[in-house]
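What follows is each chain in one-letter form.
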Amino acid sequence: MKVISYNLNKHKAAHELERLVDTHGADLLCLQEADTETLPVEIAGLRLAEATVRNRLGLAVYHRENTFTPLEVRSLSLKKSLHDRVLKPAEERMLGVRLRDIDSGAQFIVASFHAAPLTALNSLRRKQIRAALDELSGLGDGLPILMVGDYNYPVFKENLSQTVRDAGYELTLSDARTYTRYKFFRGHYDFATSVGFTIDSITTLPQGRSDHLPILITARADPRP
C-alpha cells in the first residue's frame, strides 16, 4: 500500500495533488494545512474519507474507493501551544480513519497528524504525539496503525523516538529532509509512526509550491497472529 503525506502550506500546493497521486499510484492521501472547505470529493480516483471542520487550515484523508471502505473516523483536539491559543490555526491536529480492505476484509487505521509549530516546545509535541497515538488505538483493538504527517520535530529525535517506543510504536524517517524553507530549521519534519505495519520505504518526493516536501510511504500490514 502506498500513502502520500503532504503539508500543503496554507493550501498553496493543492493543485499538485492529482499529479502526485497519479504519478506514484497512491492508495491513500493524508493532508495537512488544507483549506478543507474547498477540497474536492475525489482526487485522481481517491475519495475523501473525512476532513476536519473546526480548523482554519485542516487535515484530510483520502482513500482508493475500489480498494478500501472507511468504517469509522475520529478527530482529536490536542494540548494547545501559545501559537494555537493566539492565532487559532488548528483546533484538530489528528484525523484518524479505520478502513477495511475490500478484498481481504482486513482492517487497519491510518491518520493524518500535524503537531504544534516550532514556537512550541518539543515536550509539548511529544505529549501531542503520545495523545494522538493513544486515541487511535481506541479505533480498533490491536489493529495496525499508521500515523503520518508534519511532526514539526527537526532535532533531538532521540527523545521523540523513546516516547514513540514507550507507546509501542516505531518511528520511521524518510530518505531525505522534508523542510527547506529556513536554513537553520531544515530537516526531517514529515515522517511516520506505526504499529502492526512493516514500512518498506519512505521517500521524500520533489518539492512543489509548499515549504514542505511530500513523502511517499510504502507499507504493508503485518500478518495477524
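The structure we're discussing is the one just above.
In this text the structure is predicted, and so the values were computed from the model without any measurement.

S.K.: Looking at this structure, I do not really get the sheet that holds strand E11 (residues 190-195). What am I missing?
M.R.: The pairing of strands in a sheet comes from backbone hydrogen bonds and takes either a parallel or an antiparallel form. Read from one edge to the other, the open sheet built from six strands follows the order E6-E7-E8-E9-E11-E10, with strand pairing classed as mixed. The open sheet is flanked by strand E6 (68-76) and strand E10 (170-172), the only strands paired with a single partner. Strand after strand, the sheet turns through a mean of 20° between neighbouring axes, direction not considered. Of the pairings in the sheet, the one linking E10 to E11 comprises three bridges and is antiparallel in character.

S.K.: What is the right way to look at the packing of helix H3 (residues 122-137) against helix H4 (residues 157-166) in this model?
M.R.: When two helices pack together, their arrangement is given by the angle between the helix axes and the distance between those axes. Direction vectors running N to C along H3 and H4 enclose 25°, while the axes themselves pass 10 Å from each other. On the basis of their axis angle, the class for H3 and H4 is roughly parallel. Between H3 and H4 lies a crossing whose hand is right-handed. Residues Arg126, Ile129 and Arg130 of H3 touch H4, and the partners they reach there are Asn159, Leu160, Thr163, Val164 and Asp166.

S.K.: Explanation requested: the pairing of E11 in the structure shown.
M.R.: A regular strand places its side chains so that they alternate between the two faces of the sheet. Counting buried positions along E11 gives five out of six residues, so the element sits mostly inside the fold. Sheet analysis places strand E9 (residues 145-150) next to E11, joined by six bridges and oriented antiparallel. Note that in E11 the partner of Met147 across the bridge is Thr193.

S.K.: So what exactly am I meant to see when it comes to H3 here?
M.R.: Note: α-helices contain 3.6 residues per turn, so residues at a spacing of three or four share the same orientation. For H3, spanning 16 residues, the distance from its first C-alpha to its last is 23 Å, which sits close to the expected 22 Å at 1.5 Å a residue. Buried within H3 are the following residues: Asn122, Leu124, Arg125, Gln128, Ile129, Ala132, Leu133 and Leu136. In the core, the buried residues of H3 are packed alongside E6, strand E7 (94-101), strand E8 (107-114), E9, H4 and E11.

S.K.: Just checking my understanding: could you explain the packing of aromatic side chains for this structure?
M.R.: All chains considered together, the criterion is met by five aromatic pairs. Ring geometry for Phe68 against Phe108: centres 5.3 Å apart, planes inclined by 80°, an arrangement best described as edge-to-face. Pair noted here: Phe68 is in strand E6 and Phe108 is in strand E8, with a separation of 40 residues, a long-range link. The residues Phe68 and Phe108 share a single accessibility class, namely buried. Linked through ring pairs, Phe68, Phe108 and Phe197 together constitute an aromatic cluster.

S.K.: Whenever I open this one, the pairing of strand E5 (residues 58-64) confuses me. Can you help?
M.R.: Counting buried positions over the seven residues of E5 gives seven, a clear majority of the element. Residues Gly58, Ala60, Tyr62 and Arg64 point to one face of E5 and Leu59, Val61 and His63 to the other, with burial holding for every one of them. Pairing geometry for strand E4 (residues 46-51) and E5, over five bridges, is antiparallel. Paired with Leu48 across the strands is Tyr62, a residue of E5. Hairpin remark: E4 followed by E5, antiparallel, with six residues in the connecting loop.

S.K.: Where do I start with the sheet that holds strand E3 (residues 42-43) in this structure?
M.R.: If you trace the seven strands from one edge of the open sheet to the other, you get E3-E4-E5-E2-E1-E13-E12, paired in mixed fashion. Both edges of this open sheet fall to E3 and strand E12 (197-204), since each of them pairs with a single strand only. Helix-sheet contacts for helix H1 (residues 17-24) involve strand E1 (2-7), strand E2 (28-34), E3, E4, E5 and strand E13 (215-221), and the interaxial angle to E1 is about 155°.

S.K.: For this particular structure, what's the right way to read the side chain of Thr36?
M.R.: Relative to the helices and strands, Thr36 is located in the loop between E2 and E3. Thr36 gets classed as buried once you look at its relative accessible area, which sits at 18%. Leaving out residues up to four positions away in the same chain, Thr36 has contacts with Ala51, Thr52, Gly58 and Leu59.

How each quantity is defined
Residues numbered from 1 in each chain as written. Predicted model: local features only at pLDDT ≥ 70, side-chain atom pairs only at ≥ 80, totals over all residues. Heavy atoms only, no water. Pairing = 2+ DSSP bridges. Helix = DSSP H or I, 4+ residues; strand = E, 2+ residues; numbered from the N terminus. Axes fitted to C-alpha atoms, helices over the stretch in contact; angles between N-to-C directions. Parallel < 35°, antiparallel > 145°, perpendicular 65-115°, else oblique. Left-handed = near helix turned anticlockwise from the far one by under 90°. Contact = heavy atoms within 4.5 Å. Buried < 20%, exposed > 50% of the residue type's maximum accessible area, 1.4 Å probe, protein only. Expected span 1.5 Å × (residues − 1). Phe/Tyr/Trp six-rings, centres within 6.5 Å; stacked < 30°, edge-to-face > 60°.

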